[in-house]
Amino acid sequence: MVVVITGASAGIGAALARSLYEQKAHLVLAARRLDRLEALNRELGGQHLVVRADVSEPNDCQNIVQQTIRRFGRIDTLVANAGYGIYDPVVQTTPQQTREIFATNVFGTTDLVYAAAPFMFRQDQRDGWRGQIMIVSSVCGRRGVPFLGMYSGTKSAQLAIAEAMRVELEPHKIAVTTIHPIMTKTDFGRTAETRSRIVLPQEDRSRMTQSVEHVARRMIEAIRRPRPEVWPSQAARIVVGFGTLMPGLVDRVLSRYRDRVREKNPSVPL
Ligand SMILES: NC(=O)c1ccc[n+]([C@@H]2O[C@H](COP(=O)([O-])OP(=O)(O)OC[C@H]3O[C@@H](n4cnc5c(N)ncnc54)[C@H](OP(=O)(O)O)[C@@H]3O)[C@@H](O)[C@H]2O)c1
């Protein structure tokens, strides 16, 4: 099994790599921080392919795929995981920040798919599938969250594209799976804070958090047996599912959260 993971230098991507190594997978570890990728490769036996890549650059996405095919000859699962968030109100996010986050989270996903799909179409089937495209969206992909508006937009875009692709690619025996974590213990929050003016209340951050190991386990189940969506928190799936029927009610719940964020950031005009 050959699994390509973008964003393998930290968080969910690194945890997935560690769990897949235990399953004897051949891994392709891609991200910008080469030192971290090389350390992970050493930790996992040193036989994996490490590719320095900025997924917001289309040529880097092509390069990940080309190097994978040269080394392993196929891609069983392509995990588009690289991404980041910004904590800011939508109207105070700059046009440049908006273009940049879409370039990484959305175009970093689509450029990877464009590069890999032609090879997946030609691969032999294994266990009924030629390959799988796995996209790490978020719980925010189904419902936009205040102060994570632009981030939510990128995650919804990933989800909508994946939903369409899943039906289009099924006759070609290419599975498409989206992953929808809730808050997960990674560097995500710290990275978002370095890019943002606001700080989220700690109690909201710690109320519903899950471990990277838990998310990775659920992802591996869907690599073994492809399914449309993975929600590592069933409770979140149910709440968000009902929420799509009652958007006004969800607005009211989220407006309490908005007020807690405003209290925590009195010097920022929100
Ligand atoms: N943590 C959460 O609460 C949470 C919840 C829902 C969904 N998610 C999603 O899960 C995915 C992984 O996030 P995480 O929580 O594991 O965060 P993380 O610990 O900050 O890891 C992010 C990973 O993405 C990589 N990355 C970021 N920009 C990149 C770029 N331009 N090119 C290549 N790699 C890039 C980083 O590597 P380098 O910096 O080395 O490039 C790093 O490996 C993201 O798509 C995120 O939206 C996270």
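Placed above this text is the structure.
Notes on the packing of aromatic side chains
Under the defined criterion, the tally for this structure stands at one aromatic pair. Stacked on the ring of Trp-129, the Lys or Arg Lys-173 has its end atom at 5.2 Å from the ring centre. A cation over an aromatic ring shows up here: Arg-195 above the ring of Tyr-84, its NZ or CZ 3.8 Å from the ring centre.

Section: the pattern of salt bridges
One pass over the full model with this rule turns up 13 salt bridges. Across the salt bridge formed by Arg-258 and Asp-259, the nearest N and O atoms sit 3.0 Å from each other. Judged by its relative accessible area of 34%, Arg-258 is partly exposed. In the salt-bridge network here, residues are joined through shared partners; they are Arg-142, Glu-163, Glu-229 and Arg-237.

Brief notes about the nonpolar core
Core analysis: the biggest nonpolar cluster contains 29 residues, and Ile-5, Leu-16, Leu-20, Leu-27, Leu-29, Val-79 and Met-219 have the highest contact counts within it. Per-element tally for this core: the top contributor is helix α9 (residues 212–224), with seven residues. Setting aside its immediate chain neighbours within four residues, Val-79 contacts Val-3, Val-4, Ile-5, Thr-6, Leu-16, Met-134, Val-136 and Met-219.

A closer look at the sheet that holds strand β6 (residues 174–179)
Pairing in this open sheet of seven strands is parallel, and the strands run β3-β2-β1-β4-β5-β6-β7 from one edge to the other. Of all the strands in the sheet, just β3 (49–52) and β7 (229–230) have a single pairing partner and so form its edges. One ladder, built from three bridges, connects strand β1 (residues 2–6) with strand β4 (residues 77–80); its direction is parallel. Bridge pairing in β4 places Ile-5 opposite Val-79.

Re the side chain of Arg-218
By secondary structure assignment, the location of Arg-218 is in helix α9. Not counting the four nearest positions on each side in its chain, Arg-218 is found in contact with Val-230, Trp-231 and Pro-232.

Some thoughts on the environment of Arg-143
In this fold, Arg-143 is placed in the loop between β5 (131–136) and α6 (149–169). Sequence separation between Arg-143 and Val-3 is 140 residues; the distance between their C-alpha atoms is 29 Å. Setting aside chain neighbours within four positions, we find Arg-143 in contact with Ser-152, Val-240, Pro-247, Val-250, Asp-251 and Leu-254.

A few points about the environment of Val-28
Mapping Val-28 onto the fold places it in strand β2 (residues 26–31). C-alpha separation for the pair Val-28 and Val-79, spaced 51 residues apart in sequence, amounts to 10.0 Å. Not counting residues up to four positions away in its chain, the partners in contact with Val-28 are Val-3, Val-4, Ile-5, Leu-49, Val-51, Ile-64, Thr-68 and Phe-72.

Comments concerning the pairing of β1
Of all the five residues making up β1, five are buried; the element is thus mostly covered by neighbouring parts of the structure. Where burial is concerned, the two faces of β1 agree: the one with Val-2, Val-4 and Thr-6 and the one with Val-3 and Ile-5 are both buried. As paired elements, β1 and β2 share five bridges and run parallel to each other. Bridged to Ile-5 within β2 is Leu-29. As a crossover connection, the stretch from β1 through helix α1 (residues 11–22) into β2 is right-handed.

Topic: helix α11 (residues 247–264)
With 18 residues, α11 extends 25 Å between its outermost C-alpha atoms, agreeing within 8% with the 26 Å of an ideal straight helix rising 1.5 Å per residue. Within α11, the full set of buried residues consists of Val-250, Leu-254, Ser-255, Tyr-257 and Val-261.

Quick look at helix α3 (residues 58–72)
Relative to the 21 Å expected for 15 residues at 1.5 Å per residue, α3 spans 21 Å between its end C-alpha atoms, a close match to the ideal helical length. All buried positions along α3 are accounted for by Asp-60, Cys-61, Ile-64, Val-65, Thr-68 and Ile-69. Contact partners of the buried residues in α3: β1, β2, β3 and α5 (107–122). With its phi angle positive at about 80°, Gly-73 sits one or two positions after the end of α3.

A look at the site of the ligand
Lining the immediate environment of the ligand, one finds 29 residues, of which Ser-9, Arg-32, Asn-81, Tyr-151 and Thr-186 sit closest. The contact in question runs from a nitrogen atom of the ligand to an N or O atom on the backbone of Val-55, over 2.9 Å. Residue Tyr-151 places a side-chain N or O atom 2.6 Å away from an oxygen atom belonging to the ligand. Protein coverage of the free-state accessible area of the ligand, which is 870 Å², stands at 96%. Listed by contribution, the elements that provide at least two residues to the shell around the ligand are α1, α6 and α7 (188–194). Residue classes in the shell around the ligand are distributed as 13 nonpolar, 11 polar and five charged.

Cut-offs applied
- Residues numbered from 1 in each chain as written.
- Predicted model: local features only at pLDDT ≥ 70, side-chain atom pairs only at ≥ 80, totals over all residues.
- Heavy atoms only, no water.
- Phe/Tyr/Trp six-rings, centres within 6.5 Å; stacked < 30°, edge-to-face > 60°.
- Lys NZ or Arg CZ within 6 Å of the ring centre and 35° of its normal.
- Salt bridge = Lys/Arg side-chain N within 4 Å of Asp/Glu carboxyl O.
- Buried < 20%, exposed > 50% of the residue type's maximum accessible area, 1.4 Å probe, protein only.
- Core = buried A, V, L, I, M, F, W, Y, C linked by side-chain atoms within 4.5 Å.
- Helix = DSSP H or I, 4+ residues; strand = E, 2+ residues; numbered from the N terminus.
- Contact = heavy atoms within 4.5 Å.
- Pairing = 2+ DSSP bridges.
- Right-handed = clockwise from strand over helix to strand, strands pointing away.
- Expected span 1.5 Å × (residues − 1).
- Near = heavy atom within 4 Å.
- Polar contact = N/O pair within 3.5 Å; in protein donor to acceptor, adjacent residues only side chain to side chain.
- Areas by Shrake-Rupley, 256 points an atom, 1.4 Å probe, with all protein chains shown as cover.
- Nonpolar A, V, L, I, M, F, W, Y, C, P; charged D, E, K, R; others polar.

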